[in-house]
Amino acid sequence: MTPSEPVETRTEDRPTQRSTAQTATLAEIAREAGVSAPTVSKVLNGRADVAPATRTRVEELLRAHGYRRRRAEATRSPLIDLVFHELESAWAMEVIRGVENVARDAGLSVVLSESAGRLTPGRTWADQVAARRPHGVVLVLSGLDESQRALLTSRSIPFVVMDPAGDPGADVPSIGATNWQGGLAATRHLLELGHRRIGAISGPPQMMCSRARIDGYRAALETAGLPVDPGLVKTGDFHHETGYRLGRELLDRPDRPTAVFAGNDLQALGFYEAARELGLRIPEDVSVVGFDDLPVARWVGPPLTTVRQPLTEMAEAAARLVLELGRSEEAPAATRVELATSLVVRTSTGAPPVAGS
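Residues numbered from 1 in each chain as written. Predicted model: local features only at pLDDT ≥ 70, side-chain atom pairs only at ≥ 80, totals over all residues. Heavy atoms only, no water.

Trainee: How do you make sense of the sheet that holds strand E4 (residues 109-114) when you look at a structure like this?
Mentor: Hydrogen bonds between backbone atoms are what pair the strands of a sheet, whose relative direction is either parallel or antiparallel. Strand order in the open sheet formed by 6 strands is E4-E3-E5-E6-E7-E13, and the pairing between neighbours is parallel. Single-partner strands in this sheet number two, and they are E4 and strand E13 (336-339). The sheet shows a mean angle of 20° between the axes of neighbouring strands, taken without regard to direction. Judged from the 5 bridges that link them, strand E3 (residues 79-84) and strand E5 (residues 136-140) form a sheet pairing that is parallel. Paired with Leu82 across the strands is Val138, a residue of E5. (Pairing = 2+ DSSP bridges. Helix = DSSP H or I, 4+ residues; strand = E, 2+ residues; numbered from the N terminus. Axes fitted to C-alpha atoms, helices over the stretch in contact; angles between N-to-C directions.)

Trainee: Teacher, can you tell me more about the side chain of His195 here?
Mentor: Among the secondary structure elements, His195 is positioned in the loop between helix H7 (179-192) and strand E8 (198-202). A distance of 2.7 Å separates polar atoms of two side chains, one belonging to His195 and the other to Thr258. A distance of 2.7 Å separates a polar atom in the side chain of His195 from the backbone oxygen of Gly350. Beyond its immediate chain neighbours, meaning those up to four positions away, His195 contacts Leu190, Thr258, Ala259, Ser287, Gly350, Ala351 and Pro352. (Polar contact = N/O pair within 3.5 Å; in protein donor to acceptor, adjacent residues only side chain to side chain. Contact = heavy atoms within 4.5 Å.)

Trainee: Whenever I open this one, the confidence of the model for the chain confuses me. Can you help?
Mentor: Low pLDDT marks regions whose predicted coordinates should not be analysed in detail. Counting all residues, the mean pLDDT for the chain is 85, and 85% of those residues have values of 70 or more. Below a pLDDT of 50 lies the segment residues 1-23, which in the model reaches 51 contacts outside its immediate sequence neighbourhood of four places, other chains included. (pLDDT = per-residue confidence, 0-100.)

Trainee: Mind showing me how you'd approach helix H2 (residues 37-44) here?
Mentor: Residue pairs three or four apart in sequence face the same way in an α-helix, which turns once every 3.6 residues. Counting buried residues along H2, 6 of its 8 residues qualify, which places the element largely inside the surrounding structure. Listed as buried for H2 are Ala37, Thr39, Val40, Ser41, Val43 and Leu44. Packed against the buried residues of H2 are helix H1 (26-33) and helix H3 (52-64). (Buried < 20%, exposed > 50% of the residue type's maximum accessible area, 1.4 Å probe, protein only.)

Trainee: For this particular structure, what's the right way to read the packing of H7 against helix H8 (residues 208-223)?
Mentor: To describe two helices that pack against each other, one gives the angle between their axes and the distance between the axes. Direction vectors running N to C along H7 and H8 enclose 40°, while the axes themselves pass 7 Å from each other. One element, H7, and the other, H8, form an angle in the oblique class. Two packed elements cross with a definite hand, and for H7 against H8 that hand is right-handed. Contacts from Asn179, Trp180, Gly183, Leu184, Thr187, Arg188 and Leu191 of H7 reach H8 at Cys209, Ala212, Arg213, Asp215, Gly216, Tyr217, Ala219, Ala220, Leu221 and Thr223. Classifying every residue of the contact of H7 with H8 gives 9 nonpolar, 5 polar and 3 charged. (Parallel < 35°, antiparallel > 145°, perpendicular 65-115°, else oblique. Left-handed = near helix turned anticlockwise from the far one by under 90°. Nonpolar A, V, L, I, M, F, W, Y, C, P; charged D, E, K, R; others polar.)

Have a look at this one:
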């Protein structure tokens, strides 16, 4: 790249059209930013040896000029970046397997990152991705802030969000599952077995998938003409320990529920432990439904009734989409794909206990 290379801008009506009035050189951007042309090149190439304030000023000017590196000029590394907000469970392994399947077929490798529980990776991560120029980025239960999105877009690095924590935005490609339908199906199953006091342990309220599942639970109860008892709805965090703790709270009540819908399998397994400590049998004394259908759900005692979320297939779809976006010369169209969930009935659910038995 040379200092006189034209910078491409986009008009509202014709995004890829260029004209003399719509172009700027890196030298002109450098003068406007008050830096040298090599410094602008360093920012474009994701080099770390640029002061943060300078980098921010240059990035803002590049965005203002609508700069987008032409794909033919971008030298990509044979990588897909896979970013988790947490990387510590069997849930993550199913996602890794899906992305690996697609990457292997495409002759690529996978780079794993974790944002330490944050729903948006740090700025250092974005600079590192820009520097290594992968074929694309798949973010799981994470998102990007505006500056990170602009940075990746300016390098023609496509990104897809899988199971977005919040609303990713209309212009961000994303892959999800029918979480509301899954919560509805789980609760209807319990209702059809005869349960009327059905508790719930949700996931984090800031996560869109968690809210959708608990909304499905509420909809099933309301459709059946049953009030939602706020005391039977506990807010969790998708971890085993929380399923245990909140399970104890529900089961220690004098009017404990006869069934519980857990927001994911890990919390359901924590609930199993709480029930065992109290000498309660599953499903004779209390029924349990999870969400995810992790491999362990088939092997616990009793095998867990759960809502199957096709995690591996979702990850494969996200990886395929990000590679397709990388091959396209057009600006990415808004893409939101939801894969179907399905109820898997095993032996952790049954009819409610008879009063007095």
